[in-house]
Amino acid sequence: MLPNRWVSHFVYAGAWLALALLAGIWLGNPAWWLVGALALYLAVTLRNLYYLDRALEKGAPVPPATRGLWAELFSIVVRLRSKSRKRRKRYRRLVREVRQSTRALHDGGIILNPRNEILWCNRAAVRLLGLNLATDVGHRIDNLIRNPDFVSHLENPGGDSVSIPSPAMEGGQLSVQIIPYGKNQRLAIIRDITREVRLERTRRDFVANASHELRSPLTVIGGYLDALAHDSGLNRDWRTPIAEMERQVSRMTRILRDLIELTRLESSQEEAPRDFIDVVGMLKFIEREFVSGLRTPRISVHFGTDLALLGSEAEVHSIFHNLVSNAVRFTSPEGSVHVRWESGENGAVFSVKDTGIGIPEELIPRVTERFFRVDPGRSRELGGTGLGLAIVKHALQRHGATLSIESEVGEGSLIACRFPDNRLVARGGPARAVG
Amino acid sequence: MEVESISQHTSRRFNKDLEGIHNLVLNMGGLVEDQFDRAIRAIAEADSELGLSVAESDHQVNEMEVRIDDECRRILATRAPTAGDLRLIVAAMKTITELERIGDEAEKIGELASRLATVKRPSTNFRELRNLARHVKGMIRDSLDAYARLDVQQGLEVMKADKVVDEEYEAIYRQSLTFMLEDPRTITREMDLSWAARALERIGDHTKNICEHAIYMAHGTDIRHSSLTNVESEVSQAGIVKEAAR
């Protein structure tokens, strides 16, 4: 259905032609009259088209209102124009607001296009990264922030953020996270974590120093207790207390040793070395240690593969030993512990399955916290330090391995460590290869 | 990134190749910066393990150099670039050589750090050396920034800073000599120390060269072996010529 203005336009045009035709019939030469009328119509139309063109392209003022179709078209142009002006104003205000608010933000933000070029960044980003807003827009960010960790994070942004030293602030540390959004756009959020890093280091240093300082007096006490325990002239009544004291001293020594080990693991940012480790041999050795115990559950070791690991021997031993000794400790002598070393898809898995007391589901995420105990009284009695799984977790991290825990209360637990392919080699094969 | 000297080409692949070279050089620069940082940290924190790991991972830098070199040769052979494109390739090939040498010096510093970690440290904990290292670190960063941004001004600034580094090296060297004369037991340590300072001074020279290559790439003026004032006037002239040509 045609709009009203067109209907009336046709009516007018038809009337105009009819009038010319009538005049032609009346005065003779109707064809020429018709041609004249059409020419006039064309002239008017062309003139209005010209005005419309100018109005649309250059925003020139529209001609004063005539009537009919053209007047309405021009009024539509005017309406659209004022609408777009209002909209533009609104957007401009919005952009200004956004800019102002992001400028007030403490964290840096950079908008990147798919080619990693900087589209925009806020003032905090300029300050934290030492960018130059005037010249750096359009430059690739990885040309300016060249830290290898950052560059690899930019290529595959995982969920985690990376920590890089600030190029602009001496001794500053930044945490950068890349968030994809929209169509191939990416947002980099930069946070200043200098203070957090410093606090964390202070805390670590404190724990390390305190442990070291406590160790020497403890050694002295232990030495005297040992001498006392073997002193035959000692009153019999003192036997039990001294034996108890010795037990407690050795427990404290164990805790301190674990604490020092844990701090060392935490503070080294490097990956673990790549020494050749014969896993099969190591596990057999650990098995022997536990099998000989009197009140221990049945232990079986199953080898699905004889792959060897590339890692730090002491750390891998501590991982295996801690996990096996945990399983043994929390399983009754009637139960059993299955240790397996198998190759799976992309990596090899070391797992320990026991029929012990198990871990309540809601506590599983917390078991790797230091000094966290599912059942405080019991595990202390069994001689645990509360640091074993924390050490395991950190040592695994240094080997690029992951820890998974499945457990059911009363049924037992399955703890698995998955080592990545690049840390595995064939046993007896070349000591260095793969990856 | 749209480097100014990368003109638009009908072949988009060619453009991409040139950009790739530019980015690879800067990636390598990032790697070298990281190596240097870790070597210096190894000295400051007396971390012999870290020092050795720096020395061991120098091969990454070398591999990268070989890779970029191959890529450049491939482009030279297949595309026969001219003018700005040729300058970009030539500058890249020269810059990676400098970067590789900086990597070598960082390796040396790493080794020295692992040795210095085992000896008794002076009460200042090598403050002069750390100071020098901070300057040199800034120079590496600024020279690579100048290379990335084709920023002549920043390049010239780095070349000026090299003078300070030379003076500081001189001061450390003299101080080491004094220590050695006073107490021969410190000779081993002080020798290592002045070797490290020497390595830093050499790195400063290499960053200066990188700036020269960056300026060459941006303007096409070869400013090697000419005095700084000459360079400045030449560059500003080139700048004017360029402005006029637009």
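Worth saying up front: this structure is predicted, and the values here are computed from it rather than measured.

**So, the overall build of chain B**
No. 1: When its secondary structure is counted, chain B shows 8 helices and 0 strands.
No. 2: Starting at the N terminus and ending at the C terminus, chain B contains elements arranged as α-α-α-α-α-α-α-α.
No. 3: Within chain B, contacts between residues at least 6 apart in sequence are counted, and of these 78% link residues at least 24 apart.

**Points about the interface of chain B and chain A**
No. 1: Across the boundary between the two partners, chain B contributes 17 residues, which contact 15 residues of chain A.
No. 2: When residues of the side of chain B that touches chain A are traced back to their parent elements, those giving at least two are α1 (12-44) and α5 (127-149) of chain B.
No. 3: Here the side of chain B that touches chain A gets 9 residues from one element, more than from any other, and that element is α1(B).
No. 4: Among the residues making up the side of chain B that touches chain A, the classes are represented as 5 nonpolar, 5 polar and 7 charged.

**Quick notes on the nonpolar core**
No. 1: Counting residues in each nonpolar core, the largest one holds 85 residues, and the members touching the most others are B:Ile43 and B:Ala214.
No. 2: Per-element accounting of this core gives the leading share, 13 residues, to helix α7 (residues 187-219) of chain B.
No. 3: Within the second largest apolar cluster, 41 residues are counted, among which are A:Ile319, A:Trp341, A:Phe350 and A:Ile415.

**Comments concerning the sheet that holds strand β12 (residues 412-419) of chain A**
Residues and elements named next belong to chain A.
No. 1: Taken in spatial order, the 5 strands line up as β7-β9-β10-β12-β11 in an open sheet, and their pairing is mixed. Edge positions in the sheet fall to β7 (298-303) and β11 (402-408), since each of these pairs with one other strand and no more. In this sheet, neighbouring strand axes are inclined to one another by 10° on average, regardless of whether the strands run parallel or antiparallel.
No. 2: Relative to strand β10 (residues 347-354), strand β9 (residues 336-344) runs antiparallel, the two sharing 8 bridges. Opposite tryptophan 341, over in β10, you have phenylalanine 350 as the bridge partner.
No. 3: Packed onto the sheet, helix α10 (residues 279-291) meets β7 and β9 and runs at close to 170° relative to β7.
No. 4: Helix α11 (residues 313-329) contacts β9, β10 and β12 of the sheet and is inclined by roughly 25° relative to β10.

**Focus on the packing of helix α6 (residues 152-182) of chain B against α7(B)**
Axes are the key here: two packed helices are described by the angle between their axes and the distance separating the axes.
Residue and element names in this part refer to chain B.
No. 1: Running from N to C, α6 and α7 cross one another at 170°; their axes reach a closest spacing of 9 Å. By the criterion of interaxial angle, the relationship of α6 to α7 is roughly antiparallel. The handedness of the crossing between α6 and α7 is left-handed.
No. 2: Residues that form the contact of α6 with α7 fall into these classes: 17 nonpolar, 6 polar and 7 charged.

**Observations concerning the confidence of the model for chain B**
All names here are of chain B.
No. 1: Averaged over all residues, the pLDDT of chain B is 83; the fraction at 70 or higher stands at 86%.
No. 2: The low-confidence segment residues 1-5 (pLDDT under 50) makes 16 contacts with residues lying over four places distant or belonging to another chain.
No. 3: Per-residue pLDDT stays below 50 along residues 240-246; that stretch engages in 0 contacts with residues further than four places along the chain or on separate chains.
No. 4: Overall fold confidence for the complex sits at a pTM of 0.66, while the interface term, ipTM, reaches 0.76.

**Overview of the sheet that holds strand β8 (residues 308-311) of chain A**
Residue and element names in this part refer to chain A.
No. 1: Read across the sheet, 3 strands follow the order β6-β8-β13 without closing on themselves; strand pairing throughout is antiparallel. What marks the edges here is a single partner per strand, and that holds for β6 (275-277) and β13 (424-425).
No. 2: Sheet topology note: the β8/β13 ladder contains 2 bridges and is antiparallel. Residue leucine 309 lies in a different strand from β13, and its bridge partner there is leucine 424.

**Focus on helix α2 (residues 30-58) of chain A**
In an α-helix, one turn spans 3.6 residues; hence positions three or four apart end up facing the same way.
No. 1: Relative to the 42 Å expected for 29 residues at 1.5 Å per residue, α2(A) spans 42 Å between its end C-alpha atoms, a close match to the ideal helical length.
No. 2: Two residues or fewer after α2(A) comes A:Gly59, characterised by a positive phi angle close to 70°.

**Here's the deal with helix α13 (residues 388-398) of chain A**
All names here are of chain A.
No. 1: Summarising burial for α13: 9 of the 11 residues are buried, a large majority.
No. 2: Listed in full, the buried residues belonging to α13 are Gly388, Leu389, Ala390, Ile391, Val392, Lys393, His394, Ala395 and Leu396.
No. 3: Considering only its buried residues, α13 is in contact with α9 (239-267), α11, β11 and β12.
No. 4: Once α13 finishes, glycine 400 follows within two positions and takes phi at roughly 70°, a positive value.

**Remarks on the environment of A:Glu315**
All names here are of chain A.
No. 1: Tracing the chain through its elements places glutamate 315 in helix α11.
No. 2: Separated by 84 residues in the primary sequence, glutamate 315 and histidine 399 place their C-alpha atoms 9.3 Å from one another.
No. 3: Leaving out residues up to four positions away in the same chain, glutamate 315 has contacts with Ala272, Ala395 and Arg398.

**Some details on the environment of A:Arg340**
All names here are of chain A.
No. 1: With respect to the helices and strands, arginine 340 occurs in strand β9.
No. 2: Taking the number of C-beta atoms within 10 Å as the measure of exposure, arginine 340 has 18 and is therefore partly exposed.
No. 3: Along the backbone, arginine 340 and phenylalanine 350 are 10 residues apart, and their C-alpha atoms lie at a distance of 5.7 Å.
No. 4: For arginine 340, the contacting residues outside a window of four places in its chain are His302, Gly304 and Ser351.

Reading guide: rules and limits
- Residues numbered from 1 in each chain as written.
- Chains lettered and ligands numbered in written order.
- Predicted model: local features only at pLDDT ≥ 70, side-chain atom pairs only at ≥ 80, totals over all residues.
- Helix = DSSP H or I, 4+ residues; strand = E, 2+ residues; numbered from the N terminus.
- Contact = placed C-beta atoms within 7 Å.
- Nonpolar A, V, L, I, M, F, W, Y, C, P; charged D, E, K, R; others polar.
- Core = buried A, V, L, I, M, F, W, Y, C linked by C-beta atoms within 7 Å.
- Buried ≥ 20, exposed ≤ 12 C-beta atoms within 10 Å, placed from the backbone.
- Pairing = 2+ DSSP bridges.
- Axes fitted to C-alpha atoms, helices over the stretch in contact; angles between N-to-C directions.
- Parallel < 35°, antiparallel > 145°, perpendicular 65-115°, else oblique.
- Left-handed = near helix turned anticlockwise from the far one by under 90°.
- pLDDT = per-residue confidence, 0-100.
- Expected span 1.5 Å × (residues − 1).

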